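Summary of structural features
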Amino acid sequence: MWTCPKCGRALQRQNQSHYCGEKPKTVDEYIMAQPEECQQYLRQIRDALRAALPEAEERISWSMPTFWKKYNIIHFAAHKKHMGVYAGTEAVVEFGERLKDYKTSKGTIQFPYDKPLPLELIREIARWCYETGNHP
């Protein structure tokens, strides 16, 4: 067990990523709570998802920005070394060939900060998740 020196929360792993304090209630709060260098990537993904899913509602689910319409369609989140997009296992399989340059696992796609975000691909994945009903 490891105890966060900022919030005092006991966690499983040393330096485990978590929220200190109150969890964000809106996507804007989530973005503003992240390190400044991550915020531009979060905004780019958010804009791409808004374009792909104009009929969806933005909300926080599982402590992550989420696009929702009757169900969670897709989530995204900032991490220390990458942006995570959570599209579900079926999406990772469906787009596997186009995702071969990225780390994937169990419905998760990791986009490292040292590469440009493939925004068109992210839009396509989001639309596919919505249209097929395959969601995280």
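Before any of the text, the structure's been laid out above.
These notes cover the structure that comes with them.

Criteria and thresholds
- Throughout, a residue's number is its position along its own chain's written sequence, starting from 1.
- Note on the predicted model: pLDDT of at least 70 is required for a residue's local features to be given, and 80 or more for side-chain atom pairs to be given and counted; whole-chain, interface and lining totals, by contrast, use all residues.
- Hydrogens are left out, water is left out, and the side-chain values use all remaining heavy atoms of the structure.
- Note on conventions: DSSP H or I runs of at least 4 residues are helices, E runs of at least 2 residues are strands, and numbering of each starts at the N terminus.
- To estimate how far a helix should reach, multiply one less than its number of residues by 1.5 Å.
- The buried label applies to any residue whose accessible area, calculated with a 1.4 Å probe on protein chains only, is under 20% of its type's maximum; exposed applies above 50%, and partly exposed to all values in between.
- Should any heavy atoms of two residues lie within 4.5 Å, those residues are considered in contact.
- Side-chain atoms within 4.5 Å link the members of a nonpolar core, which is a set of buried Ala, Val, Leu, Ile, Met, Phe, Trp, Tyr and Cys residues.
- Only when DSSP finds a minimum of two bridges between them are two strands counted as paired.
- The convention used is that axes are lines fitted to C-alpha atoms, helices contributing only their stretch in contact, and that angles between N-to-C directions extend from 0 to 180 degrees.

The terminal C-alpha atoms of helix α2 (residues 36–52) lie 25 Å apart, and with 17 residues this matches the ideal 24 Å at 1.5 Å per residue to within 8%. Residues of α2 that are buried include every one of C38, Q39, Y41, L42, I45, R46, A48, L49 and A52, and no others. Turning to α2, the residues buried within the fold contact α1 (27–33), β3 (57–61), β4 (64–68), β5 (72–78), β6 (82–86) and α4 (119–132).

With that out of the way, let us pick up the nonpolar core. The biggest cluster of nonpolar side chains holds 37 residues, and the ones touching the most others in it are I74, M83, F111 and I125. Of all the elements in the fold, those that place two or more residues in this core are α1, α2, β4, β5, β6, α3 (89–94), β8 (108–112) and α4. Beyond its immediate stretch of four places on either side in the chain, I125 contacts I74, A87, A91, F95, L99 and I109.

Here α4 is 14 residues long and its end C-alpha atoms lie 20 Å apart, about the 20 Å a rise of 1.5 Å per residue gives. Each element contacted by the buried residues of α4 is listed here: α2, β5, α3 and β8. Directly beyond the C-terminal end of α4, a positive phi value near 80° is found at G133.

Looking now at the pairing of β5. Judged by how many residues are buried, β5 sits mostly within the fold: 7 of 7 residues are covered. Here 3 bridges tie β4 to β5, and the two strands are oriented antiparallel to one another. Bridge pairing links W68 to N72 in β5. Connecting the antiparallel pair β4 and β5 is a turn made up of 3 residues, with K70 showing a positive phi of about 70°. Note that β5 and β6 share 4 bridges and pair antiparallel. The partner of F76 across the bridge, within β6, is V85. Between the end of β5 and the start of β6, which pair antiparallel, lie 3 residues.

An order of β3-β4-β5-β6-β8-β7 is seen for the 6 strands of this open sheet, with the pairing classed as antiparallel. Looking at which strands have only one partner, the edges of the open sheet turn out to be β3 and β7 (103–105). The average angle at which neighbouring strand axes cross in this sheet is 25°, direction not considered. Where α2 meets the sheet, it contacts β3, β4, β5 and β6, and its direction lies at approximately 165° from that of β5.

The next point concerns the pairing of β3. Sheet topology note: the β3/β4 ladder contains 5 bridges and is antiparallel. The partner of S61 across the bridge, within β4, is M64.

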